[in-house]
Structure formats: C-alpha cells, structure tokens
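# Breakdown of the fold
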Amino acid sequence: VIDYVGGRADLQAKIVRTIGDARRRFTEDKLRMLRAVRFAARFGYEIEAATMEAIRELAPQVGVVSHERVRDELTKMLTEGHARRAFELLDNSGLLQEVLPEVAKMKGVKQPPEFHPEGDVWVHTLLLLEKLPENCSATLARGALLHDVGKPPTFRIAPDRIRFDRHVEVGVKMTEELGRELRFSNDELEQVSALVENHMKFAEVTRMRESTLKRFMRLPCFDEHLALHRMDCLSSHGDLSLYDFVKKKMEETPVEEIRPPALVRGQDLIAAGYKPGPAFKEILSAVEDAQLEGRLQSREQAMEFVRAEFPA
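These remarks concern the structure in this document.

What counts and how
- Each chain carries its own residue numbering, running from 1 in the written order of its sequence.
- Only residues with pLDDT of at least 70 are given local features in this predicted model, and only at 80 or more are side-chain atom pairs given and counted; all residues enter the totals for whole chains, interfaces and linings.
- Hydrogens and waters are ignored; side-chain quantities use all the structure's heavy atoms.
- By the criteria applied, helices consist of DSSP H or I runs no shorter than four residues and strands consist of E runs no shorter than two, each listed in order from the N terminus.
- With C-alpha atoms as the basis for the radius of gyration, the globule rule is written as 2.2 Å multiplied by the number of residues raised to the power 0.38.
- Here's how the labels work: a residue is buried when its accessible area is under 20% of the maximum for its type, exposed when over 50%, partly exposed in between, all with a 1.4 Å probe on protein chains only.
- We call two residues in contact when some of their heavy atoms are within 4.5 Å.
- Under the convention used here, Asp and Glu are negative, Lys and Arg are positive, and both His and the chain ends fall outside the count.
- Charge coordinates come from a single atom per side chain, which is NZ of Lys, CZ of Arg, CG of Asp or CD of Glu.
- Stacked, edge-to-face and tilted labels apply to pairs of Phe, Tyr and Trp rings (six-membered ring for Trp) whose centres lie within 6.5 Å, assigned for plane angles under 30 degrees, over 60, and everything in between, in that order.
- In this analysis, axes come from line fits to C-alpha atoms, helices being fitted only over the stretch in contact, and the angle between any two N-to-C directions falls in the range 0 to 180 degrees.
- We call a crossing left-handed when the near helix sits turned anticlockwise from the far one by less than a right angle, and right-handed when that turn is clockwise.
- Side-chain classes follow a simple rule in which Ala, Val, Leu, Ile, Met, Phe, Trp, Tyr, Cys and Pro form the nonpolar group, Asp, Glu, Lys and Arg form the charged group, and the remainder, Gly included, forms the polar group.
- To count toward a patch, a residue needs a relative accessible area over 30% and no salt bridge; like charges are then connected within 9 Å, while nonpolar side chains (Val, Leu, Ile, Met, Phe, Trp, Tyr) are connected within 5 Å.
- Values of accessible area rely on a 1.4 Å probe in the Shrake-Rupley scheme; residue burial ignores everything except the protein chains shown.
- Put simply, a salt bridge is a Lys or Arg side-chain nitrogen that is within 4 Å of an Asp or Glu carboxyl oxygen.
- A 3.5 Å cut-off defines polar contacts: any pair of N or O atoms within that distance qualifies, except that in protein one atom must be a possible hydrogen donor and the other a possible acceptor, and neighbouring residues in sequence count only when both atoms are side-chain atoms.
- Nonpolar cores are built from buried Ala, Val, Leu, Ile, Met, Phe, Trp, Tyr and Cys residues. Side-chain atoms within 4.5 Å join them into one set.
- Take the number of residues in a helix, subtract one, and multiply by 1.5 Å to get its expected span.

### Comments concerning the overall build of the chain
Looking only at helices and strands, the chain features 20 helices and 4 strands. Compactness check: the chain gives a C-alpha radius of gyration of 25 Å against a globular reference of 20 Å for 312 residues, more than 25% above the reference. Residue burial in the chain is summarised as follows: out of 312 residues, 47% are buried. Put simply, of all contacts in the chain between residues at least 6 apart along the chain, 69% involve residues at least 24 apart. Of the side chains in the chain, 47 bear a positive and 52 a negative charge, and the two mean positions are spaced by 2 Å.

### Focus: the packing of aromatic side chains
By the definition in use, this model includes 6 aromatic pairs. Ring plane angle 55° and centroid distance 6.0 Å describe the contact between Phe155 and Phe164, whose orientation is recorded as tilted. Residue classification places Phe155 among the partly exposed positions, given a relative accessible area of 33%. Residue classification places Phe164 among the buried positions, given a relative accessible area of 12%. Ring centres of Phe216 and Phe222 lie 5.2 Å apart, and the angle between their planes is 80°; on these two criteria the pair is classed as edge-to-face. Overall, the relative accessible area of 5% leaves Phe216 in the buried class. What makes Phe222 buried here is its relative accessible area of 4%.

### Describing the packing of helix α10 (residues 138-146) against helix α15 (residues 222-234)
The description of two helices packed together rests on the angle between their axes and the distance between the axes. Relative orientation of the contacting elements α10 and α15 amounts to 35°, with a least axis distance of 10 Å. Seen along the crossing, α10 lies across α15 with a hand that is right-handed. Residue-level contacts link Thr139, Leu140, Gly143 and Ala144 of α10 to Glu224, Ala227, Leu228 and Met231 of α15. A breakdown of the residues in the contact of α10 with α15 according to their chemical character gives 5 nonpolar, 2 polar and 1 charged.

### Describing a nonpolar patch on the surface
Where nonpolar side chains cluster on the molecular surface, the patch consists of Ile2, Tyr4, Val5 and Ile19 and spans about 520 Å² of accessible area. Of note, Ile2 is situated in the segment before α1 (7-13). Ile2 gets classed as exposed once you look at its relative accessible area, which sits at 69%.

### Side note on the side chain of Thr154
Tracing the sequence through the fold places Thr154 in helix α11 (residues 151-154). A polar contact of 2.8 Å, which involves the side chain of Thr154, links it to the backbone oxygen of Gly150. Other than its neighbours up to four places away in sequence, Thr154 contacts Arg163, Phe164, Asp165, Arg166, His167 and Val170.

### A look at the nonpolar core
If you look at the biggest cluster of nonpolar residues, it comprises 63 residues, and the most contacted ones within it are Leu34, Phe87, Leu90, Leu95, Leu100 and Leu132. In terms of residues, this core owes the most to one element, helix α3 (residues 31-43), which gives 7 residues. When sequence neighbours within four positions are dropped, the list of residues in contact with Leu90 reads Leu34, Val37, Leu74, Met77, Leu95 and Leu96. Leu263, Ala286, Ala302 and Val306 belong to the second-largest nonpolar core, a separate cluster that totals 15 residues.

### Description of α15
The terminal C-alpha atoms of α15 lie 19 Å apart, and with 13 residues this matches the ideal 18 Å at 1.5 Å per residue to within 8%. Taken together, the buried positions of α15 are occupied by Phe222, Glu224, His225, Leu226, Leu228, His229, Met231, Asp232 and Cys233. Against α9 (121-130), α10, α13 (186-198), α14 (210-217) and α16 (241-252) lie the buried residues of α15.

### Topic: the environment of Ile162
On the secondary structure map, Ile162 appears in strand β4 (residues 162-164). Residues Ile162 and Lys110, spaced 52 residues apart in sequence, show a C-alpha to C-alpha distance of 7.8 Å. If we ignore the near neighbours within four places in the chain, the residues touching Ile162 are Lys110, Gln111, Pro112, Phe155, Arg156 and Ile157.

### Comments concerning the pattern of salt bridges
What the rule picks out here adds up to 31 salt bridges. Ionic pairing is found between Glu48 and Arg17, a salt bridge with its closest N-O pair at 3.7 Å. Note that Glu48 is positioned in the loop between β2 (46-47) and α4 (49-58) and Arg17 in the loop between β1 (15-16) and α2 (22-28), a separation of 31 residues in sequence. Arg17 sits in the partly exposed class, given a relative accessible area of 40%. Linking Asp289 and Arg209 is a salt bridge whose minimum nitrogen-to-oxygen distance equals 3.9 Å. Remark: Arg209 occurs in the loop between α13 and α14 and Asp289 occurs in helix α19 (residues 279-292); sequence separation between them is 80 residues. When salt bridges with common partners are traced through the structure, they connect Arg209, Arg215, Arg218, Glu288, Asp289, Glu293 and Arg295 into a single cluster.

### A look at the side chain of Asp289
Its relative accessible area of 14% is what places Asp289 among the buried residues. Apart from residues lying up to four places away in sequence, Asp289 is in contact with Arg209, Ser211, Arg215 and Arg295.

Just distances and angles here, no functional claims.
Shown next as structure tokens:
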C-alpha cells in the first residue's frame, strides 16, 4: 500500500480529514461536507479540527447542492445505524441549520415535564434517532425525525402547562412541504406524512370503538406506526402500556376481521332502490362499522340494517 497522505494513520486514529486544503476540497463539491459528517457518524470517527473549521465556514454554501443529493446523504445518515451521532454532528458543524432549519428550530423548545421528563423537543428527537435500527426503512427514519416538527411553531405557555395546539396538523403540512422540496417519492411522502399525522392517536386506542381501532390498525405499513410509537414512548415517559395494548390486539385479531370483505356495495344499494349520491358513503361506512364491531355477519343482515337505519 502506497499512502501519500497519511490515510492509514488517520484510519488507525479514527479521524476524518480531507486530502490537502479542506476549503478547496469542499469548494470543489459542497456535498463532501455532508459526507464527512456521515462517515464520521457511521464509523465512530472524529472530524479533524481544520476539516471541521472549513465545514463551519462553508456550511451556508451547501444550498448549491441539488435537493436529491442532500436527501440521499440525509437518508443514509438516518438509516445506517448512527442517526443520533450524525445529527449531533450536523448541528455542531452548522449544516443542520442549512439543510433542515425546521429540525434545528427544535432546540430549546421546552416540553411539559410530566409527559417529557427527558427535555426539549431536540433532545427528545435525538433519543428517537438513537433508537433507529440499522437498515431501517427510510420512511420510518424520516417519521422519527419529523414526528414533532410541528411543535416549535405551535409552542405556547398556557395557564396550566406548556401546550402545542394543532402541532400534528402543522407538522403534517411542514412534512409535506419538506418532502416535496427534498423530492421524496409520492409513496414515501404519503407514508411519512401518515406517520406524523397518526403518531398521537395511540393515546386514544383504549377508548376507540372497535371499528375505529380496526381501521387504525389497517393503516398501510402499520408496523412502522407501531415502531414509531414505541420509540416515542421510550424517548419520553417510558410507558409502553398503549403499545402493548395495540400489539396484543393485533396478535389476537385475525387479518380477515381487521380488513373483512365488504358485505354491501354500491350496486347492492342501487338494486335495493337507493339513488346514487353522497349518502352512499355514509351508508357503506355505517355498514362497515357494524361489521367491524361484529354486529353484522352476512349480506342479508347488512341489507336489513341498511333498510332499518337508512329508509329509501
């Protein structure tokens, strides 16, 4: 091995360093700043002082890099098994504010200690990132990063405690905007937005009607919703009772009961003399509710239910 730049020594010392002048290397390709962070996080290395100084100086210029290339580096940081370390380095280097200002704003945003004894929104998010398994899906990782992105703009101190009114709705909108900016695929954006939108619904599971709970459990990729909830709990109050409740419910409920074949369809209503229109959705939804709750077992029972509840 012919080593002209001391690379083997840096590998042994676990140091990430540019070859030659750091500013020149990063000026040639600004994405290298993100890669330095990713490699340091992935391998547990330190970024050499002059290299880090150059990153801090040039961080505001990372915006010239295409959104797709930035997205790919961030995704690798989130899914390579060292997401917390990667995002701490992004923060320390000044890159976080440039590539994900919405996440940088989590720092210092206090939370009610009775629900979040761990600290502010940034600390809570870092704890979630720490729990992301290596090679996890990009959608779960992005959901973990962004699930509370709506908290900073909705923070307020009420007479009783700190509150984040409508932080879920605001967070979904912010996630959609960020996903479009970073060129998420439509399927990815839909799933990440769903993770943000539904992460608070676990608080209601023990009070949900049977039909509502089954609809909740049949969300696409529900295992990711469950995994996010578990990490969310372990990164705050530590109470997994609602996670255990849903997990047990899923194990006990056959798939055909969660997603049963429809007992009544639109053509059945038309054949029974009902006029097509907006009411069809209400009727079919009511039939499905009764079916999911075990009150209807057959098409005949379902049609009797329709005639009784929705006279033609």
